[in-house]
Amino acid sequence: MSAISVPRGAHLARRLVQLYAGLALYGASSALLVRAGLGLEPWGVLHQGLSERTGLSIGIVSIVVGAVVLLLWIPIRQRPGLGTVSNVFVVGVAMDGTLELVPALHGVAARVALMVAGVVLNGVATGLYIAARFGPGPRDGLMTGLHRRTGRSVRLVRTLIEVAVVVTGFALGGSLGVGTVVYALAIGPLAQFFLRFFAVGGERAGKNAPRNGPTAGADGPPGGDRRAGEDRPTGGEAPVAGRGPSVASGSPGRGTCVTGRTPGGAILPR
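### Description of the environment of N87
Relative to the helices and strands, N87 is located in helix α5 (residues 82-101). Spatially, the C-alpha atoms of N87 and Y129 are 9.4 Å apart, while their sequence positions differ by 42 residues.

Encoded structure:
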């Protein structure tokens with residue numbers, strides 16, 4: 001794995017603001033899903049399960065898992081960016097901070113509202129940090145790296161990774177429920193919409209997304225997990241279904257690129 005790539009050029013200040021605002025919001029939105037208690041995104045299920053078993057906070061677990069996943073980039077020769085390394089730490093810290101501030105809710109209506117807010121804000125976060133173009137999140141980069149090295153489609157690689165993550169997390173005690181399904185269906189379209197909305201300089205995110213990172217359009221994270229089309233990744237480990245840029249693991253660019261599934265095809269931080 002080569003040295004960290006730090007993009008330069010026009011709009012740098014805005015891109016940095018977008019990157020860190022997006023990653024912080026990604027962590028906060030993931031915390032809202034935890035407080036809703038109706039099911040988490042794929043990587044969130046794993047993080048919660050490990051948290052239950054180890055006694056560590058879910059934010060710390062997210063950081064540790066992100067670091068371990070980043071080490072897996074070495075054999076597949078992925079190149080991390082500023083956003084990749086930032087994703088590992090900022091998302092976890094923001095998640096724990098939000099959990100300290102937001103109390104647990106008990107009414108069904110309140111929990112559903114919190115779940116919807118978490119999913120929508122996760123889409124906003126994915127669009128923010130992937131559009132900043134500072135590299136995919138550890139989880140999204142793993143997906144796109146395996147896609148490149150194996151020749152398998154992004155959809156297949158992402159599906160296999162997320163199924164393994166969800167099954168393992170659920171077995172460890174992670175929360176799987178209606179929120180997981182809603183996230184999977186909604187994150188792709190949301191990420192793609194906000195990725196275009198926050199595109200720096202008015203350019204389409206898919207056109208300028210880094211070649212070595214996921215494309216918005218998931219998963220992904222984080223941070224993102226999405227790419228244009230089915231076989232070409234789009235940064236985060238956040239996603240978009242169908243053709244076009246993808247979005248993010250959960251966890252916020254979750255370097256994150258979107259594939260149309262990272263949710264539904266996005267690449268998240270995570």
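### Structural notes on a nonpolar patch on the surface
On the surface, L56, I60, V64 and V68 cluster together to form a nonpolar patch covering roughly 320 Å² of accessible area. Tracing the backbone through its elements, the reader meets I60 in helix α3 (residues 58-71). Here I60 falls in the partly exposed class, since its relative accessible area comes to 38%.

### Re the side chain of Q48
With respect to the element layout, Q48 can be found in helix α2 (residues 42-54). On the basis of relative accessible area, Q48 is assigned to the buried category, the value being 14%. Not counting residues up to four positions away in its chain, the partners in contact with Q48 are V34, L40, I58, G173, G174 and S175.

### Thoughts on the packing of aromatic side chains
Each aromatic ring pair is described using two quantities: the centre-to-centre distance and the angle formed by the ring planes. Tallied over the entire structure, the rule returns 5 aromatic pairs. Ring geometry for Y26 versus Y129: centroids 6.0 Å apart, planes at 80°, classification edge-to-face. Of the two residues, Y26 is situated in helix α1 (residues 12-36) and Y129 in helix α6 (residues 108-131); the sequence distance between them amounts to 103 residues. By the burial criterion, Y26 is buried, and Y129 matches it. Ring geometry for F193 against F197: centres 6.3 Å apart, planes inclined by 20°, an arrangement best described as stacked. With F193 and F197 both in helix α9 (residues 178-197), this residue pair falls 4 residues apart, about one helical turn. F197 carries the same exposure label as F193, and that label is exposed.

What counts as what
- Residues numbered from 1 in each chain as written.
- Predicted model: local features only at pLDDT ≥ 70, side-chain atom pairs only at ≥ 80, totals over all residues.
- Heavy atoms only, no water.
- Helix = DSSP H or I, 4+ residues; strand = E, 2+ residues; numbered from the N terminus.
- Patch = residues over 30% accessible without salt bridge, like charges linked within 9 Å, V, L, I, M, F, W, Y side chains within 5 Å.
- Areas by Shrake-Rupley, 256 points an atom, 1.4 Å probe, with all protein chains shown as cover.
- Salt bridge = Lys/Arg side-chain N within 4 Å of Asp/Glu carboxyl O.
- Buried < 20%, exposed > 50% of the residue type's maximum accessible area, 1.4 Å probe, protein only.
- Contact = heavy atoms within 4.5 Å.
- Phe/Tyr/Trp six-rings, centres within 6.5 Å; stacked < 30°, edge-to-face > 60°.

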